[in-house]
Amino acid sequence: MNNPLESARQQLANIQTILKIDPNIFERLLYPDRMIEVAVPVKMDDGTTKIFIGYRCQHNNARGPYKGGIRFHPGVTREEVMALSMWMTWKTAVVDIPLGGGKGGVIVDVKQLSQRELEALSRSYMQAIFPLVGKNQDVPAPDVSTDARIMGYMLDEYESLLGERAPGVITGKPLSIGGSLGRGYATAQGAFYILERAAEKLHLGKEASVLIQGFGNGGGHLARMLHKAGYKVVAIADSKTTVYRSEGLDVVEVDEHKRMTGDLKTCEGCEKLPIDAVLSLPADILVPAALENAIHAGNADTVQAKLIVEIANGPTTPEAEEMLLKKGITVVPDILANAGGVAVSYFEQVQNAMNYSWTEAEVNVKLKEKMETAFEAVWGEKERYTTSVRMGAYALAVRRVAQAMQDRGRM
Ligand code: GLU
């Protein structure tokens, strides 16, 4: 299994061969500023106290406070959190928001917890990282298996400890306590804008066919948006099944089925295939929207799509990407394609700071502009250095971060 930290460092090393930033800055960027491991004790329903292991990694804050989500997942590792925090640094720089990069995670299978235990875990984790976070220090948000409700518990815990209201400390909150309209589906909305621009560059029309791996917050919302816009979503995979229909799935029905039954196994009017099948079916566009390392050296050769748009963080290993590029496949990287989530997180913070809220339409107009500006800038870098879209995005991001470090005299 690929180590995501090695992938993240490899990507940075690759851009260094093109950009040749100050080697001292490059060296510094390979390491996070701070990585902490915390014990997260939870009083379980049976009366015992169980200790979960959590992390918060702060990679870089040259451009602004550390920013990034918190993941609750059994597969969380120290290296994974470090890699994800690095990717956040590049992501916030690509969309040019005044934030740095951080990430958190707890090793836990939320499906094994009761509602009360989940709330206790969220509060206990916030207690553990309390000294490190703050609206001008480090700002968490949701990620895999965490949501607005969990952000609500964490905000409440933080504010109770602080003794005052501080909504800007966390984003992706419920609307009633300072959340932003449009934040819930922002990652998918941002990816939608990027996918449209990329499809245009490749001369793929609205009738293009799409494969989506992952039916969570990113993949689920994107599937519905693409379906509504007229794209042919031919396959969707959750963590157990791929459903496929070459003429296009009825996404609304699939979604309803998933919501009612909790899985796709018994979905009607489509073929049921193994989970990995989704990656190699015939279609124009592939959207990995699950976890890291989905496309690796062992399966990259089977990809038939012409365009890959990464909603997951780190779904393509560097080795796999080399193989895809050789086949002429365009890969639009995570640090651009999934930056809509953190972009609207930033909008949420701005609204909190102003003590004012924007309409959903205002948020989406701003998001569209941010994403399209970033897309054009990345595409420009790609052409300038005759390189991949990922390296175009890295060129832009690493240059911006290096500039901020230089301007602070940090070298
Ligand atoms: N977890 C999301 C990401 O990976 C959002 C982060 C945020 O809003 O801070 O980009």
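Here, every reference points to the structure presented above.
Report follows, based on the coordinates.

### Concerning the site of the ligand
Residues in close proximity to the ligand total 14 residues, the closest being Lys67, Lys91, Pro142, Asp143 and Ser345. At 3.1 Å, a side-chain N or O of Lys103 approaches an oxygen atom of the ligand. Contacts to the ligand include Ser345, whose side-chain N or O atom sits 2.5 Å from an oxygen atom. Within the complex, the protein chains bury 95% of what would otherwise be the 290 Å² of accessible surface of the ligand. Of all the elements in the fold, those that place two or more residues in the shell around the ligand are strand 3 (66-73), helix 3 (78-94), strand 5 (138-142) and helix 11 (340-354). Within the shell around the ligand, the residues separate by chemical class into four nonpolar, five polar and five charged.

### Examining the pattern of salt bridges
Summed over the entire model, instances satisfying the criterion amount to 30 salt bridges. With its nearest N and O atoms 2.6 Å apart, the salt bridge here joins Asp284 to Lys306. Taken as a pair, Asp284 in the loop between strand 9 (271-273) and strand 10 (285-288) and Lys306 in the loop between strand 10 and strand 11 (307-309) lie far apart in primary sequence, 22 residues in all. Residues Arg384 and Glu381 are paired through a salt bridge, measuring 3.8 Å at the closest nitrogen-oxygen approach.

### Focus: unusual backbone geometry
Although it is not a glycine, Lys20 adopts a positive phi angle of roughly 50°. Along the chain, Lys20 turns up in the loop between helix 1 (4-19) and helix 2 (23-29). Judged by relative accessible area, which is 60%, Lys20 ranks as exposed. One non-glycine residue with positive phi stands out, namely His203, at about 60°. By secondary structure assignment, the location of His203 is in the loop between helix 6 (186-201) and strand 6 (209-213).

### Some details on the environment of Asp250
Its place among the elements puts Asp250 in the loop between strand 8 (242-244) and helix 8 (251-261). Owing to a relative accessible area of 36%, Asp250 belongs among the partly exposed residues under this scheme. Considering only alpha carbons, one finds Asp250 and Cys270, 20 residues apart in sequence, at a separation of 9.4 Å.

### Observations regarding the packing of helix 6 against helix 11
Following both chains from N to C, one finds helix 6 and helix 11 inclined at 120°, their axes separated by 6 Å at the closest point. Relative to helix 11, helix 6 is oriented oblique. Considering the relative orientation of helix 6 and helix 11, their crossing is right-handed. Counted together, Ala186, Thr187 and Gly190 of helix 6 and Gly340, Gly341 and Val344 of helix 11 form the full contact between these two elements. Tallied by class, residues from the contact of helix 6 with helix 11 come to two nonpolar, four polar and no charged.

### Side note on the sheet that holds strand 1 (residues 34-43)
Ordered in space as 1-2-4-3-5, the five strands form an open sheet in which the pairing is mixed. Looking at the sheet topology across the chains shown, the edges are occupied by strand 1 and strand 5. The average undirected angle you get between the axes of adjacent strands in this sheet is 25°. Inspection of the sheet shows strand 3 paired to strand 5 by five bridges, in the parallel sense.

### Some details on the sheet that holds strand 6
Taken in spatial order, the seven strands make up an open sheet running 9-8-7-6-10-11-12, and their pairing is mixed. A strand with exactly one partner marks an edge of an open sheet, and here the two such strands are strand 9 and strand 12 (330-332). Along the sheet, successive strands turn relative to each other by an average axial angle of 20°, direction set aside. By the bridge criterion, four bridges tie strand 6 to strand 10 in an arrangement that is parallel.

### As for the nonpolar core
Membership of the largest hydrophobic core comes to 92 residues, with the highest contact counts inside it found for Trp90, Ile236 and Val287. Top element by residues in this core is helix 13 (residues 389-407). It accounts for twelve residues. Ranked by size, the runner-up nonpolar core spans 24 residues in total, among them Met44, Leu155, Tyr158 and Ala166.

Here is what the cut-offs are and how they apply
- Residues numbered from 1 in each chain as written.
- Predicted model: local features only at pLDDT ≥ 70, side-chain atom pairs only at ≥ 80, totals over all residues.
- Heavy atoms only, no water.
- Near = heavy atom within 4 Å.
- Polar contact = N/O pair within 3.5 Å; in protein donor to acceptor, adjacent residues only side chain to side chain.
- Areas by Shrake-Rupley, 256 points an atom, 1.4 Å probe, with all protein chains shown as cover.
- Helix = DSSP H or I, 4+ residues; strand = E, 2+ residues; numbered from the N terminus.
- Nonpolar A, V, L, I, M, F, W, Y, C, P; charged D, E, K, R; others polar.
- Salt bridge = Lys/Arg side-chain N within 4 Å of Asp/Glu carboxyl O.
- Buried < 20%, exposed > 50% of the residue type's maximum accessible area, 1.4 Å probe, protein only.
- Axes fitted to C-alpha atoms, helices over the stretch in contact; angles between N-to-C directions.
- Parallel < 35°, antiparallel > 145°, perpendicular 65-115°, else oblique.
- Left-handed = near helix turned anticlockwise from the far one by under 90°.
- Contact = heavy atoms within 4.5 Å.
- Pairing = 2+ DSSP bridges.
- Core = buried A, V, L, I, M, F, W, Y, C linked by side-chain atoms within 4.5 Å.

Any functional reading would require information that these geometric values do not contain.
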